[in-house]
Amino acid sequence: MRTDLFGFDLPEDRIALAPAHPRDAARMLVVRPGATFTDAGVSDLVNALQPGDAMVFNNTRVIAAALDGIRARGQTQARVNVLLHRRIDSNCWLAFARPAKKLAVGDRLRFDAEIVGGLNANVAAKGDAGEVTLAFDLSGRALDLAIAAAGHMPLPPYISSKRPSNTRDTADYQTIYATHDGAVAAPTAGLHFTDDLFSKLDARGITLHFVTLHVGAGTFLPVKADDTIDHKMHAEWGEVSAVTAHALNETRARGGRILAVGTTSLRLLETATTADGIVQPWSGETAIFITPGYRFRAIDILMTNFHLPCSTLFMLVSAFSGLDTMHAAYAHAIAQHYRFYSFGDASLLFPKHY
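Residues numbered from 1 in each chain as written. Predicted model: local features only at pLDDT ≥ 70, side-chain atom pairs only at ≥ 80, totals over all residues. Heavy atoms only, no water.

A. Seen up close, the overall build of the protein. Scanning the protein from terminus to terminus reveals nine helices and 17 strands. Relative to a compact globule of 354 residues, whose C-alpha radius of gyration would be 20 Å, the protein shows 21 Å and is just as compact. Counting only C-alpha atoms, the protein reaches 65 × 45 × 40 Å along its principal axes. Counting only residues that meet the buried cut, the protein has 55% of its 354 residues in that class. Here the contacts in the protein between residues at least 6 apart in sequence split such that 73% fall between residues at least 24 apart. Distance between charge centroids for the protein: 4 Å, based on 33 positive and 35 negative side chains. (Helix = DSSP H or I, 4+ residues; strand = E, 2+ residues; numbered from the N terminus. Rg over C-alpha atoms; globule rule 2.2 N^0.38 Å. Buried < 20%, exposed > 50% of the residue type's maximum accessible area, 1.4 Å probe, protein only. Contact = heavy atoms within 4.5 Å. Lys, Arg positive; Asp, Glu negative; His and termini not counted. Charge placed at Lys NZ, Arg CZ, Asp CG, Glu CD.)

B. How the structure looks around the pattern of salt bridges. Within the structure shown, the criterion is met by 14 salt bridges. Notably, a salt bridge pairs D53 with R257, separated by 2.8 Å at the nearest N-O pair. Placement of the pair is D53 in the loop between helix 1 (45–48) and strand 3 (54–58) and R257 in the loop between helix 6 (242–253) and strand 14 (258–261), with a sequence separation of 204 residues. Here D53 falls in the buried class, since its relative accessible area comes to 3%. (Salt bridge = Lys/Arg side-chain N within 4 Å of Asp/Glu carboxyl O.)

C. Molecular detail of the nonpolar core. In this structure, Y173, I299, L302, Y330 and F340 are the most contacted members of the largest nonpolar core, which totals 57 residues. The residues contacting I299, other than those within four sequence positions of it, are R252, I258, A260, L266, L269, E270 and F320. V80, V82, W93 and A95 belong to the second largest nonpolar core, which has 28 residues in total. (Core = buried A, V, L, I, M, F, W, Y, C linked by side-chain atoms within 4.5 Å.)

D. Structural view of the packing of helix 8 (residues 312–321) against helix 9 (residues 323–335). Running from amino to carboxyl end, helix 8 crosses helix 9 at an angle of 115 degrees, the nearest separation of the two axes being 7 Å. The crossing of helix 8 and helix 9 is right-handed. Only L323, T325, M326, H327 and Y330 of helix 9 make contact with helix 8, whose side of the interface consists of F314, V317, S318 and S321. When the residues that make up the contact of helix 8 with helix 9 are grouped by side-chain class, the tally is five nonpolar, four polar and no charged. (Axes fitted to C-alpha atoms, helices over the stretch in contact; angles between N-to-C directions. Left-handed = near helix turned anticlockwise from the far one by under 90°. Nonpolar A, V, L, I, M, F, W, Y, C, P; charged D, E, K, R; others polar.)

Set out below in structure tokens:
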């Protein structure tokens, strides 16, 4: 499909630079087939679901993946910013560098870290779109600790370019149930949940389940191809446990519905689910790219934030609820002053065939 079909005009003042407080005070647009919209709030989610439904959350934890460094080449130096996005092995990471043109294979990078010896790496390879492979001097747990000391929270560029980071970002850009280190971007639909909301969902008879998908920085990248068939997704590592797979299959067998909290949970579940709708235990890398025409087999409802125009995420929600419906829903959200992107409001989407 032509990527320009997924474009829309978004006023700058609709981009949220900070989250709602408390988290579940955010607004939520309920989108049903036929472009039927209901203005609600995240706290209303309990009443939108039924006892016996299951919710699936991504419990990845965002690491301090943004690093500011100095490139040393002979007697010359230059400042370089890198965003780690995928670990290759114990001491190597793929990263997006800015400005990448200042780097060459063999360059030495030095990052500040409050550890003996600091944090240093060599540029081992250069790829497309500013991607580099960094080989660090440290490895394993020692490297993890050094990155945590030297790095900072990797806020999306549409936030970091508009305001400086602050001490609240460390907590605000992390879900309350984040458990497994490895993401460089938050699964933002999950940012709306509180312990109180979890308690209300549990009392309603809605079960909560967790998977892990380490969100990569590729989620920030625009689609530059003119046609979706030419766009390449970055791979991300994920896991669905046998316990979670069994519980979700049991939910379906009892007639309950499965709600994915966030596009990351959805993409992982779709990767792990067979053509006949059986969720399998699964572990590995997924680069699934969902566009209109895709046949969903794992979920019944999707909760997600409002996404960028012409992004892979807007393509995904258009596949789920219909392109025309999503354009109408986003037009409604813009007119009603919903807040967009990572720190913005939520939408509760039902499939076009539901």
